[in-house]
Amino acid sequence: MKTYSRGYFLFSIASATVALLDRFSTLAVAVQNPPAPAPPPRAYHKHAPTEPLPSTLDPSELQDNRNAFVIYTLVAEIKEILYQVPCYCGCDQQQGHESLLDCFITKHGVKCTICQKEALFCYLERKTKTPAEIRDVMASGKPQVDLQKYVDDYYQQARSR
Ligand SMILES: [Zn+2]
């Protein structure tokens, strides 16, 4: 039988333990950060519309809902942009929406704050960004807009007019 020195024996145990711990920590990291499932592609039109677009809902029908009233007022001005931008609320998968514009053709956008924030983002960014640039920002995360502040300011200004 081969004899190993006590030092070598301890060294072997130590390195085996390190290897094991290493494996565990790799596993632990894998469990904590499972690879994110690929997001589904979102529906939008790649080019500006070539035909007249349908009307968005008349905001005067939404007077009792401040957010909806303001947003539906804005979207009527930027239909061509919304047509070229996707919505991330899931309406393309669930309701067959083909772009963010479809959220405001109906009452869908009355209650959905995701759609409302996206629309406000498009409205605010449209003068400095192309639809493709707006899409890129939206794809990289939630559009950063303060919907409530915008709506409150809107009413504040309307009152002081
Ligand atoms: Zn939507």
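You'll find the structure just up there.
Since the model is a prediction, treat every value here as computed from it, not as a measurement.

Basis of the calculations
- Residues numbered from 1 in each chain as written.
- Predicted model: local features only at pLDDT ≥ 70, side-chain atom pairs only at ≥ 80, totals over all residues.
- Helix = DSSP H or I, 4+ residues; strand = E, 2+ residues; numbered from the N terminus.
- Buried ≥ 20, exposed ≤ 12 C-beta atoms within 10 Å, placed from the backbone.
- Contact = placed C-beta atoms within 7 Å.
- Axes fitted to C-alpha atoms, helices over the stretch in contact; angles between N-to-C directions.
- Parallel < 35°, antiparallel > 145°, perpendicular 65-115°, else oblique.
- Arc of directions from axis to C-beta.
- Core = buried A, V, L, I, M, F, W, Y, C linked by C-beta atoms within 7 Å.
- Expected span 1.5 Å × (residues − 1).

K.L.:
What am I meant to see in the overall build of the protein chain here?
P.N.:
What the protein chain contains, in helices and strands, is nine helices and zero strands. Secondary structure elements of the protein chain, listed N to C terminal, follow the sequence α-α-α-α-α-α-α-α-α. For the protein chain, buried positions account for 25% of its 161 residues. Relative to all contacts within the protein chain whose residues are 6 or more apart in sequence, the contacts with residues 24 or more apart total 62%.

K.L.:
Sorry if this is basic, but what is going on with the packing of helix H2 (residues 66–75) against helix H9 (residues 147–160) here?
P.N.:
Here H2 crosses H9 at 85°, and the two axes come no closer than 10 Å. With respect to H9, the axis of H2 lies roughly perpendicular. Contact residues: H2 offers Arg-66, Asn-67 and Val-70, while H9 offers Leu-147, Val-151, Tyr-154 and Tyr-155.

K.L.:
Teacher, can you tell me more about the environment of Glu-77 here?
P.N.:
As for its placement among the helices and strands, Glu-77 is situated in the loop between H2 and helix H3 (79–83). Look at Glu-77 and you get exposed, because 12 C-beta atoms sit within 10 Å.

K.L.:
What should I look at first to understand helix H8 (residues 131–139) in this one?
P.N.:
Taken as a whole, H8 has its buried residues at Pro-131, Ile-134 and Met-138. Buried residues in H8, looked at end-on, bunch into an arc of 60°, giving them a common side. In H8, the exposed positions angled more than 90 degrees off the buried face are occupied by Ala-132, Glu-133, Asp-136 and Ala-139. In the core, the buried residues of H8 are packed alongside H3 and helix H7 (113–125).

K.L.:
Sorry if this is basic, but what is going on with the environment of Val-151 here?
P.N.:
Here Val-151 lies in helix H9. Apart from the residues within four sequence positions on either side, Val-151 is in contact with Arg-66, Asn-67 and Val-70.

K.L.:
Would you mind showing me how to read the nonpolar core here?
P.N.:
The nonpolar side chains of a soluble globular protein tend to be buried with one another. Counting 26 residues, the largest nonpolar core has Ile-71, Leu-82, Val-85, Leu-100, Ala-119 and Cys-122 as the members making the most contacts within it. Mapped onto this core, the elements with two or more residues apiece are H2, H3, helix H5 (102–105), H7 and H8. Not counting residues within four places of it along the chain, the set of residues in contact with Ala-119 comprises Ile-71, Leu-74, Val-75, Leu-82, Leu-100, Phe-104 and Gly-109.

K.L.:
Is there a simple way to think about H9 in this case?
P.N.:
One turn of an α-helix holds 3.6 residues; hence residues three or four places apart share an orientation. The end-to-end C-alpha distance of H9, which contains 14 residues, comes to 20 Å, matching closely the 20 Å that a straight helix rising 1.5 Å per residue would cover. With zero of its 14 residues buried, H9 lies for the most part at the surface.

Honestly, it's all geometry; don't read function into it.
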